[in-house]
Amino acid sequence: MRKIIMDVDTGTDDAIAIMCALAAEELDVVAICSVNGNRGITYTTENTLRLLEYLGREEVPVYKGAHLPMVSTLPAWRRPEVPYGGKEFREMEIHGDWLELPPSVNKKAEDMDAVSFYIKYLSEAKEKVTIVPVGPLTNLALAFRAKPEIVENIEEIVIMGAAYAHGNKTAAAEFNWWCDPEAAKIVMDCGAKITVIPLDATHKACVKGSEADIIEAGGTKACLAAADMIKQRIRGYSTFQPMGDDMAPVHDALAVLYMLDPQVCEDVRPMYVDVDFGGGNSDGMSIVDVDKRYYDREPNCDFAFSANREKFVALLTKLLKAR
Ligand code: BDR
Ligand code: CA
């Protein structure tokens, strides 16, 4: 079994990614770290807790992480909207503040914070672990800054973030990297084996409303919650970022499913990927060196340029029905 730590800003697609990871026999979710992102840390942590309680998986520890990006909120003009939670926020329909599940009653976050957890766990680990960050990369970057040698105990980092062709938060930048570009830069240059699952891949793996109906008919708690969330995402995307054909991406789940079957992604190539953190129009933009203009830099990741929609939806459906 592959040990993984998830790093989430839960969020509907984070929730579906967590459900898939917990259902997969090949994965052992040793912990989940929360981070500010889709919403403020209070929301993303509680959403993670209530999901675990709903699924009856309270044994998985949750560590509360960073409540702000590393530095990008310091100049007021740069990140006026962070942390989120305001009713005007354009992704409201895609995520909402709270997951539509009962609030957690018994499940609590651990006393230790997420950054301290990474440092302790990775310093003491006898076995390498894979990290799966599907939100802003703040927690991991802070841990690397405090104790860089912990990278040696990381098997791989599978990141949902970045974009080559176009962004979603801005024309240039994908949301997770836009939230904390400095953190993305630190993690991308940390020296670990990294796979990046960007918008280029997740937008090719949209789930249709009719497929959400099939998932719902699977009848498990995970199926019912995930189907509801996918339908919420389709409504949100139809309003703000139409994908056509009554469908929406479930970004974060693709990163988890890639670990189970790499064929859900296509055109995965070694690439040097940089991040703009200049604070201007292209802040948070991933700079993907497809033409090798950075002639002196070796690839720092495998970058997925596409995905196989049918394989993704089939595996997603199977996992959600599994438990
Ligand atoms: C990413 O941004 C968030 O809104 C999603 O949860 C996903 O991780 C997609 O850009
Ligand atoms: Ca996310």
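Residues numbered from 1 in each chain as written. Chains lettered and ligands numbered in written order. Predicted model: local features only at pLDDT ≥ 70, side-chain atom pairs only at ≥ 80, totals over all residues. Heavy atoms only, no water.

Caption draft 1: Broad picture of the packing of aromatic side chains. According to the stated counting rule, one finds eight aromatic pairs in the structure shown. For the pair F117 and Y121, a centre-to-centre distance of 5.5 Å together with 40 degrees between the ring planes defines the contact as tilted. Note that F117 and Y121 are positioned in helix α4 (residues 114–124) at a spacing of four residues, about one turn of the helix. Put simply, the rings of Y63, F117, Y118 and Y121 pair up and form one aromatic cluster. One cation-aromatic arrangement involves R297 over Y294; the distance from NZ or CZ to the ring centre is 3.8 Å. (Phe/Tyr/Trp six-rings, centres within 6.5 Å; stacked < 30°, edge-to-face > 60°. Helix = DSSP H or I, 4+ residues; strand = E, 2+ residues; numbered from the N terminus. Lys NZ or Arg CZ within 6 Å of the ring centre and 35° of its normal.)

Caption draft 2: The arrangement of the site of ligand 1 in detail. Around ligand 1 lies a shell of 14 residues, among which D13, N38, N168, E174 and D252 are the nearest. Take D14: an N or O atom from its side chain is 3.1 Å from an oxygen atom of ligand 1. The backbone of V134 places a nitrogen or oxygen atom 2.9 Å from an oxygen atom of ligand 1. Burial of ligand 1 by the surrounding chains reaches 99%, relative to a free accessible area of 280 Å². (Near = heavy atom within 4 Å. Polar contact = N/O pair within 3.5 Å; in protein donor to acceptor, adjacent residues only side chain to side chain. Areas by Shrake-Rupley, 256 points an atom, 1.4 Å probe, with all protein chains shown as cover.)

Caption draft 3: Here's a closer look at helix α2 (residues 41–55). Given a rise of 1.5 Å per residue, 15 residues ought to cover 21 Å, and the 21 Å separating the end C-alpha atoms of α2 matches this to within 8%. Burial analysis of α2 places twelve of its 15 residues in the buried class, the great majority of the element. When we look at burial in α2, the residues that qualify are I41, T44, T45, E46, N47, T48, L49, R50, L51, L52, E53 and Y54. Phi turns positive one or two residues past the end of α2, at G56, with a value near 70 degrees. (Expected span 1.5 Å × (residues − 1). Buried < 20%, exposed > 50% of the residue type's maximum accessible area, 1.4 Å probe, protein only.)

Caption draft 4: Main features of the coordination of the calcium ion (ligand 2). D9 (OD), D14 (OD), D14 (OD), V134 (O) and D252 (OD) make up the full set of protein donors to the calcium ion (ligand 2), lying at 2.3 to 2.8 Å. Along the chain, the residues donating to the calcium ion (ligand 2) are arranged with the sequence spacing D-x4-D-x119-V-x117-D. With D14 in helix α1 (residues 12–23) and V134 in the loop between β4 (129–133) and α5 (138–146), the pair connects residues that are 120 residues apart, well separated along the chain. With respect to class, D14 is no different from V134; both count as buried. (Donors = N, O, S within 2.8 Å, 3.2 Å for Na, K, Ca; no water.)

Caption draft 5: A look at the confidence of the model for the chain. Here the chain averages 94 in pLDDT, and 96% of its residues register 70 or above. This stretch, residues 85–90, has a pLDDT under 50; its non-local contacts, to residues over four places away or in other chains, come to twelve contacts. (pLDDT = per-residue confidence, 0-100. Contact = heavy atoms within 4.5 Å.)

Caption draft 6: Fine view of the pairing of β4. Extensive coverage of β4 is indicated by the burial of five of its five residues. Residues V129, I131 and P133 of β4 are buried on one face, and the alternating residues T130 and V132, pointing to the opposite face, are buried as well. For strand β1 (residues 2–8) and β4, the ladder comprises four bridges, and the chain directions are parallel. Residue pairing for β4: I4 is matched across the bridge by T130. Summarising the sheet, β4 and strand β5 (residues 154–160) pair through three bridges and their orientation is parallel. Each bridged residue has a counterpart across the sheet, and for V129 the counterpart in β5 is I154. Following the backbone out of β4, through α5 and into the adjacent parallel β5, one traces a crossover that is right-handed. (Pairing = 2+ DSSP bridges. Right-handed = clockwise from strand over helix to strand, strands pointing away.)

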